Amino acid sequence: MHGPEYETVEIFGMRIHAVREHEAHALVHGWASAPHDKLRYVVTPNVQHTMVFQENPAFREAYAGASLVIADGWPLVASSRLFGTPLPERVAGSDLLPGLFDAARADQPRTVFLLGAAPGVGEKAAREIHARWPNVRVVGTYSPPLGFERDEAENARILALVAAAQPDILVVGLGAPKQELWTHRFRHEIRAKVALCLGGTIDFMAGATRRAPVWMRKAKLEWVHRALSEPRRLGRRYAEHAVLFPALVARTWLSSRRS
Ligand code: UDP
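We now turn to the structure provided with this report.

Reading guide: rules and limits
- Residues numbered from 1 in each chain as written.
- Predicted model: local features only at pLDDT ≥ 70, side-chain atom pairs only at ≥ 80, totals over all residues.
- Heavy atoms only, no water.
- Pairing = 2+ DSSP bridges.
- Helix = DSSP H or I, 4+ residues; strand = E, 2+ residues; numbered from the N terminus.
- Contact = heavy atoms within 4.5 Å.
- Axes fitted to C-alpha atoms, helices over the stretch in contact; angles between N-to-C directions.
- Buried < 20%, exposed > 50% of the residue type's maximum accessible area, 1.4 Å probe, protein only.
- 1 Å grid on protein atoms, 1.4 Å probe; cavity = no way out; pocket = protein on both sides within 12 Å on 5 of 7 lines; lining within 4 Å.
- Points joined across faces, edges and corners; volume = space filled by probe spheres on them.
- Nonpolar A, V, L, I, M, F, W, Y, C, P; charged D, E, K, R; others polar.

**Here we look at the sheet that holds strand S7 (residues 169–173)**
Alright, step 1. Ordered by their spatial adjacency, 6 strands build an open sheet running S4-S3-S8-S7-S5-S6, and the pairing between neighbours is parallel. Two strands lie at the open edges of the sheet, namely strand S4 (68–69) and strand S6 (136–142), each paired on one side alone.
Alright, step 2. Of the strand pairs in this sheet, strand S3 (residues 40–43) and strand S8 (residues 194–197) are connected by 3 bridges, and their pairing is parallel. Counted as the bridge partner of Arg 40 is Val 194 from S8.
Alright, step 3. In this fold helix H6 (residues 121–132) packs onto strand S5 (110–116) and S6, with an angle of close to 175° to the strand it touches most, S6.

Structure representation (structure tokens):
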């Protein structure tokens, strides 16, 4: 399968695939089953990505190279409706991996490499994954040291670890924009079939961070839970976005009315 097979919708300059969650699973499993010809990678835009996208050309390039761009965040889905180009649904980045693993088949066990998160978290996530999904095998984990992306020896080491494991799926959990930039930079060297740029998912899998309770997710308040769980790091980011994102929506809306 060669993407993009699904229609895309342009919001705030980003081309986002109009896919439902089960369609995203099928696409990724299709790529993961095919012979390795080139790496395909998946990015999951949210409000933070949208703001970075506006000001960072390298991030825009990384996005342009993605085979699948799925809307992780109801503000993007709501904006798509406001601008008359509706996306079918939100596909939460942290739901993508459990959903993919649920869909893994016994006759075709999925091999996965977990790159990112603090030391020990990947191993813990691997134990949780093996206990819950017998059709998934974690074939490698690695927690890169701080600043690794600027260290060529360290980058080579990571690529060698991945090449030795040859996973179907490489989970890149380094936070945005680092994970998208790193994956795009090494797309020709990464010996995996699909890379998923998934932020803190390895932490979620390990149980190191708790997701919001279901009622909060349903009330679209997952971001409040995250901001409260890491107020120092995320509180400021969310406070900025609370101002900047509505301003971007307003600007986009005004310019769409003018054209
Ligand atoms: N991380 C990492 N190496 C880095 C920077 C971040 O492994 O150099 C990990 C960090 O431990 C965490 C994830 O990347 O597991 C960031 O998750 P977060 O939810 O913050 O992602 P974001 O929301 O920033 O995309």
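**What about the side chain of His 241?**
Alright, step 1. Residue placement: His 241 occurs in helix H12 (residues 231–258).
Alright, step 2. A relative accessible area of 10% places His 241 in the buried class.
Alright, step 3. With sequence-adjacent residues up to four places away left out, His 241 is seen in contact with Val 47, Gln 48, Met 51 and Pro 246.

**A look at the layout of surface pockets**
Alright, step 1. Looking at the second largest pocket, its volume works out to about 270 Å³.
Alright, step 2. Lining the second largest pocket are 14 residues, and of these Pro 98, Arg 132, Phe 204, Met 205 and Arg 211 lie nearest its centre.
Alright, step 3. Broken down by secondary-structure element, the contributors of at least two residues to the lining of the second largest pocket are helix H5 (93–102), H6 and helix H9 (201–206).
Alright, step 4. Taken together, the residues of the lining of the second largest pocket break down into 6 nonpolar, 3 polar and 5 charged.

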